[in-house]
Amino acid sequence: MNEIYRVAIDGPSGAGKSTIAKAVAKALGIDYIDTGAMYRAIGYKMSSTGVDPEDLEAVSAMLEDTEIDFQAGDIYLDGEIVNNKIRTPEMSMMASVCSQIPAVRQKLVQLQRAMGTRKSVIMDGRDIGTNVLTDAEYKIYLTASAEERARRRFLELQEKGEEQSFESVLEDIRQRDHNDMTRELNPLRKADDAIELDTTGLDIDQVVQKVLEIVGR
Ligand code: DC
């Protein structure tokens, strides 16, 4: 009786996608799939095992021997929970680099599509509405100004006790926007049929409410 539906959320780094998607998933009682975490997990594995992103043979061999899964909100890489290990500025940059490698995208997109066929999900990333779930019932493009996004990330890092200047956080955001929007394969862009939501000046609850209104369930 309960038909399956998919909610695709795309947008640039720091627009609040994962916070919003998590809250919406809870409100709707559906699963949340954080595709950025999957690119981060691959980046983490590459750096911890010393695989050079330019060595495509080594990358392919590594991918064949890699398992990624979500269970109860935790991300598992080869059976190990890596939630915290992948949330560092270094891993943000590694994820951005490795997300440009075709073999990495191919493997992760395949996994993501499979995750979106079995049950209702909300999935966030950069290419969900344009590539992974092109027939998603609901597509939302979340944005905010680069300064606002840097301010949010800066406060988050401060809370975690990580030392980084606001300028370097802003520079990271700009660099990642550039990487994500200009890469050859499935760059970040708003799908033609996505609804754009600018979250500058809005708090989390306000954005969650707007998304729930769009989904209307
Ligand atoms: O959302 P995030 O910051 O955790 O994503 C990490 C990196 O992964 C980001 O720089 C872009 C990349 N990414 C991607 O290319 N495609 C996705 N669907 C999700 C993330």
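Our structure is the block above this text.
Residues numbered from 1 in each chain as written. Predicted model: local features only at pLDDT ≥ 70, side-chain atom pairs only at ≥ 80, totals over all residues. Heavy atoms only, no water.

1. Overview of the packing of aromatic side chains
Phase 1 of the analysis: Taken as a whole and judged by the stated rule, the model has two aromatic pairs.
Phase 2 of the analysis: Pairing Phe-154 with Phe-166 gives two aromatic rings, centres 5.9 Å apart and planes at 90°, and the pair type is edge-to-face. Of the two residues, Phe-154 sits in helix 7 (residues 146-159) while Phe-166 sits in helix 8 (residues 166-182), which places them 12 residues apart along the sequence.
Phase 3 of the analysis: Positioned over the ring face of Tyr-5 is Arg-217, at 3.9 Å from the centre of the ring. (Phe/Tyr/Trp six-rings, centres within 6.5 Å; stacked < 30°, edge-to-face > 60°. Helix = DSSP H or I, 4+ residues; strand = E, 2+ residues; numbered from the N terminus. Lys NZ or Arg CZ within 6 Å of the ring centre and 35° of its normal.)

2. Concerning the sheet that holds strand 8 (residues 195-198)
Phase 1 of the analysis: Read from one edge of the open sheet, five strands run 2-6-1-7-8, paired in parallel fashion. Of all strands in the sheet, those with a lone pairing partner are strand 2 (31-34) and strand 8, marking the two edges. Sheet twist, expressed as the average angle between the axes of neighbouring strands with direction ignored, equals 20°.
Phase 2 of the analysis: Each of strand 2 and strand 6 (121-125) is contacted by helix 2 (residues 35-49), which is oriented at about 40° to strand 2, the strand it contacts most.
Phase 3 of the analysis: Across the sheet, helix 5 (residues 102-118) touches strand 1 (6-10), strand 2 and strand 6, and the angle it forms with strand 6 is around 155°. (Pairing = 2+ DSSP bridges. Axes fitted to C-alpha atoms, helices over the stretch in contact; angles between N-to-C directions. Contact = heavy atoms within 4.5 Å.)

3. So, the site of the ligand
Phase 1 of the analysis: Contacts to the ligand come from 15 residues, most closely from Arg-40, Arg-105, Arg-126, Asp-127 and Arg-183.
Phase 2 of the analysis: Thr-35 is positioned with one of its side-chain polar atoms (N or O) 3.0 Å from a nitrogen atom of the ligand.
Phase 3 of the analysis: In the model, an oxygen atom of the ligand is placed 3.5 Å from a nitrogen or oxygen of the Ser-99 side chain.
Phase 4 of the analysis: Contributing elements (two or more residues each) for the shell around the ligand: helix 2, helix 4 (89-98) and helix 8. (Near = heavy atom within 4 Å. Polar contact = N/O pair within 3.5 Å; in protein donor to acceptor, adjacent residues only side chain to side chain.)

4. Regarding a negative patch on the surface
Phase 1 of the analysis: A contiguous patch of negative charge, built from Asp-52, Glu-54, Asp-55 and Glu-57, is present on the exposed surface.
Phase 2 of the analysis: Position of Glu-57 relative to the elements: it lies in helix 3 (residues 56-64). (Patch = residues over 30% accessible without salt bridge, like charges linked within 9 Å, V, L, I, M, F, W, Y side chains within 5 Å. Areas by Shrake-Rupley, 256 points an atom, 1.4 Å probe, with all protein chains shown as cover. Salt bridge = Lys/Arg side-chain N within 4 Å of Asp/Glu carboxyl O. Lys, Arg positive; Asp, Glu negative; His and termini not counted. Charge placed at Lys NZ, Arg CZ, Asp CG, Glu CD.)

5. A few points about the packing of helix 2 against helix 4
Phase 1 of the analysis: Where helix 2 contacts helix 4, the axes come no closer than 8 Å and their chain directions differ by 100°. Judged on the interaxial angle alone, helix 4 and helix 2 are roughly perpendicular. Taken together, the residues of helix 4 that come into contact with helix 2 (itself represented by Tyr-39, Arg-40, Ile-42, Gly-43, Tyr-44, Met-46 and Ser-47) are Met-91, Ser-92, Met-94, Ala-95 and Cys-98.
Phase 2 of the analysis: Classifying every residue of the contact of helix 2 with helix 4 gives eight nonpolar, three polar and one charged. (Parallel < 35°, antiparallel > 145°, perpendicular 65-115°, else oblique. Nonpolar A, V, L, I, M, F, W, Y, C, P; charged D, E, K, R; others polar.)

6. Observations concerning helix 9 (residues 204-215)
Phase 1 of the analysis: Over its 12 residues, helix 9 extends 17 Å from the first C-alpha to the last, a length consistent with the 16 Å expected when each residue adds 1.5 Å.
Phase 2 of the analysis: Three or more residues of helix 9 are buried, namely Val-207, Val-208, Val-211, Leu-212 and Val-215. Looking straight down helix 9, one finds its buried side chains confined to an arc of 135°; they lie on one side. Of the residues in helix 9, the exposed ones pointing more than 90 degrees away from the buried face are Asp-205 and Glu-213.
Phase 3 of the analysis: Within two residues after helix 9, Gly-216 carries a phi angle of roughly 60°, on the positive side. (Expected span 1.5 Å × (residues − 1). Buried < 20%, exposed > 50% of the residue type's maximum accessible area, 1.4 Å probe, protein only. Arc of directions from axis to C-beta.)

7. With respect to the nonpolar core
Phase 1 of the analysis: Counting 34 residues, the largest nonpolar core has Met-38, Ile-42, Met-46, Ile-68, Ile-75, Val-104 and Met-123 as its most contacted members.
Phase 2 of the analysis: Elements with a minimum of two residues in this core: helix 2, helix 3, strand 3 (68-71), strand 4 (74-77), helix 4, helix 5, strand 6 and helix 6 (128-132).
Phase 3 of the analysis: Ranked by residue count, the leading element in this core is helix 2, at seven residues.
Phase 4 of the analysis: When sequence neighbours within four positions are dropped, the list of residues in contact with Ile-42 reads Met-62, Leu-63, Thr-66, Ile-68, Cys-98, Val-104 and Leu-108.
Phase 5 of the analysis: In this structure, Val-7, Val-24, Leu-28 and Val-215 belong to the second largest nonpolar core, which totals 21 residues. (Core = buried A, V, L, I, M, F, W, Y, C linked by side-chain atoms within 4.5 Å.)

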